[in-house]
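Architecture and fold: a report
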Amino acid sequence: MDWDKLLFNTAVFAAGVFMLDYGADTFIDHTVIVGQRLGVSQTLIAVLTAGAEYEELAVVIAAVLQKQSPLALGNVMGSTISNVLGAFSLGLLLHPGPIVFDPSAKVYTALLFSITTAFSILVYFNLLNKVTGGVLVATFLVYMICTCYAIHKGVMEPPEASDSDSDSDNDTSDDEHPYLSPRPQDNIVQDESETSPLLTNEEAPTSRKRAPRSLFYHISQLVIGLLALTISGYLLSRSASAIADCFHLSGTLVGLTVVSFATTLPEKMIAIISGSRGHSGIVVASTAGSNIFLLTLCAGVIGLAELPTDNSDRVLLFEVFSTWVSSVMLFLAVFVSANRAIGALFLVMYVAFLILEFTVYRR
């Protein structure tokens, strides 16, 4: 075993985790504000941003260029399972109150169910080729255009609070939004002689004035958070892949388990933070948007590159079925009911999936 390679990639993995925490926190804070300022559902904003799995696309392209299409396909399928049974379940478990999903969340989970069904059929019957790959890429482009149009027109249900709430007569700034953590030092214009560094945010004089941040500022911070998530996802996936390579695991198994778990850590962090703050729309949007991105654009790229004819490292029926079932369960959780018990069930199923992959189905 190459110990130097193992230790180096372990250090890279740890660094990626720290960047991941910063990116997720920044992204969620400013997604809430941008959604309110634009007057559209947080779900749509999160679908368009967090749902863009650029780190996954980078991993898929790198694997395809290295003639490792089985690893790329395994990563796509494993990530879709991990997003639902791993990330979404954490959001449900940590949600503080009743979980309610808006209409846009239901639209995107229904769309995901349809896409997952089509993808599963293509993979099971070995029909993922250049033609179907092109269709999947075209589907992704149509999906993005429709999402952008929905945001532009505001056709979905508006968010829970409007921009007027944050700009009311008491001059409450965006940084005091109830969804966000207090930041006492942001945008405070006051006479230094009237305050003391020992005073808490609540004890500070009420005469101070606050200047609200511009929309451009919040959008730029959202982009910075998304960029941090993308970079951290790439670092985590590459280091995890290298670590797994040290233990001589097959490409498909590595993609389905180790790499997919690492690349979906941003979604897990988003689910943990947004779920604990009560943003159920962001939780489901991150999950559904990410899986749609994976099963259209990423799967389309794999199809355009064509899978090898060798059947020694192909995905199994169990793995195709697990991918489809995870989509069915997300669909039911959003349309029927979702609570902490459902979240616990999802998490147990994900652990069982990983155990079966490393024991019964290991190759």
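Now for a quick tour of the structure. In this text the structure is predicted, and so the values were computed from the model without any measurement.

1. Observations concerning the overall build of the protein
- On a plain count of helices and strands, the protein comes out with 13 helices and two strands.
- Going through the 363 residues of the protein one by one, you find that 53% of them count as buried.
- If you sum the accessible surface of the protein, you get close to 16200 Å²; carbon and sulfur atoms cover 66% of it.

2. Some words on the side chain of T109
- Tracing the backbone through its elements, the reader meets T109 in helix 5 (residues 103–124).
- When sequence neighbours within four positions are dropped, the list of residues in contact with T109 reads V284, A288, L330, F331, V334 and F335.

3. A closer look at the nonpolar core
- Ranked by internal contacts, the top residues of the largest apolar core, which has 60 residues, are L73, V76, M77, F88, F101, F119 and I302.
- Elements with a minimum of two residues in this core: helix 3 (54–65), helix 4 (69–94), helix 5, helix 6 (130–153), helix 9 (251–263), helix 11 (280–305), helix 12 (317–335) and helix 13 (340–358).
- If we ignore the near neighbours within four places in the chain, the residues touching F88 are N83, F101, V283, V284, T287, L330, A333 and F346.
- Counting 16 residues, the second-largest nonpolar core is a separate cluster that includes V32, L236, M269 and I270.

4. What about a nonpolar patch on the surface?
- A cluster of nonpolar side chains, contributed by I121, Y124, F125, L127 and L317, occupies part of the molecular surface with about 530 Å² of accessible area.
- By the element assignment, L127 lies in the loop between helix 5 and helix 6.
- A relative accessible area of 39% means that L127 is categorised as partly exposed.

5. Quick look at the packing of helix 4 against helix 10 (residues 265–276)
- Axis separation between helix 4 and helix 10 bottoms out at 7 Å; the angle between their running directions is 20°. With respect to each other, helix 4 and helix 10 are oriented roughly parallel. Classified by chirality, the crossing of helix 10 by helix 4 is right-handed. On helix 10, the residues touching S82, N83, G86, A87, L90, G91 and L94 of helix 4 are E267, K268, A271, I272, G275 and S276.

6. Digging into helix 10
- With 12 residues, helix 10 should reach 16 Å at 1.5 Å per residue; the first-to-last C-alpha distance of 16 Å fits that figure.
- Of all 12 residues in helix 10, 10 are buried; the element is thus mostly enclosed.
- Among the residues of helix 10, L265, P266, E267, K268, M269, I270, A271, I273, S274 and G275 are the ones counted as buried.
- Once helix 10 ends, the next one or two residues include G278, with phi positive near 85°.

7. Considering the environment of L7
- By secondary structure assignment, the location of L7 is in helix 1 (residues 3–38).
- Here L7 falls in the exposed class, since its relative accessible area comes to 58%.
- Along the primary structure L7 and I243 are separated by 236 residues, whereas in three dimensions their C-alpha atoms are 8.7 Å apart.

8. Some details on the packing of aromatic side chains
- Inspection of every chain in the model, using the stated rule, returns 10 aromatic pairs.
- Between the aromatic rings of F88 and F346, the centroid separation amounts to 6.1 Å while the plane-to-plane angle is 40°, which identifies the pairing as tilted. Here F88 is found in helix 4, whereas its partner F346 is found in helix 13, with 258 residues between them in sequence.
- F88 gets classed as buried once you look at its relative accessible area, which sits at 0%.
- In this structure F346 comes out as buried when scored by relative accessible area, which is 2%.

9. A few points about the packing of helix 4 against helix 13
- Taken N-terminus to C-terminus, the directions of helix 4 and helix 13 make an angle of 145°; their axes are 8 Å apart at the nearest point. The crossing of helix 4 and helix 13 is left-handed. Contacts from I81, S82, V84, L85, G86, F88, S89, L90, L92 and L93 of helix 4 reach helix 13 at R340, I342, G343, A344, F346, L347, M349, Y350 and F353.
- In terms of residue class, the contact of helix 4 with helix 13 is made up of 14 nonpolar, four polar and one charged.

10. Here's the deal with the side chain of T80
- Among the secondary structure elements, T80 is positioned in helix 4.
- Look past the residues within four positions of T80 in its chain and what remains in contact with it is N291, L294, L295, T323 and S326.

11. Some words on unusual backbone geometry
- A positive phi is found at N126, a non-glycine position, where the angle reads about 60°.
- On the secondary structure map, N126 appears in the loop between helix 5 and helix 6.
- Relative accessible area serves as the criterion here: at 46%, N126 is assigned to the partly exposed category.

Quick notes on the rules
- Residues numbered from 1 in each chain as written.
- Predicted model: local features only at pLDDT ≥ 70, side-chain atom pairs only at ≥ 80, totals over all residues.
- Heavy atoms only, no water.
- Helix = DSSP H or I, 4+ residues; strand = E, 2+ residues; numbered from the N terminus.
- Buried < 20%, exposed > 50% of the residue type's maximum accessible area, 1.4 Å probe, protein only.
- Areas by Shrake-Rupley, 256 points an atom, 1.4 Å probe, with all protein chains shown as cover.
- Contact = heavy atoms within 4.5 Å.
- Core = buried A, V, L, I, M, F, W, Y, C linked by side-chain atoms within 4.5 Å.
- Patch = residues over 30% accessible without salt bridge, like charges linked within 9 Å, V, L, I, M, F, W, Y side chains within 5 Å.
- Salt bridge = Lys/Arg side-chain N within 4 Å of Asp/Glu carboxyl O.
- Axes fitted to C-alpha atoms, helices over the stretch in contact; angles between N-to-C directions.
- Parallel < 35°, antiparallel > 145°, perpendicular 65-115°, else oblique.
- Left-handed = near helix turned anticlockwise from the far one by under 90°.
- Expected span 1.5 Å × (residues − 1).
- Phe/Tyr/Trp six-rings, centres within 6.5 Å; stacked < 30°, edge-to-face > 60°.
- Nonpolar A, V, L, I, M, F, W, Y, C, P; charged D, E, K, R; others polar.

Keep in mind these values describe shape, not function.
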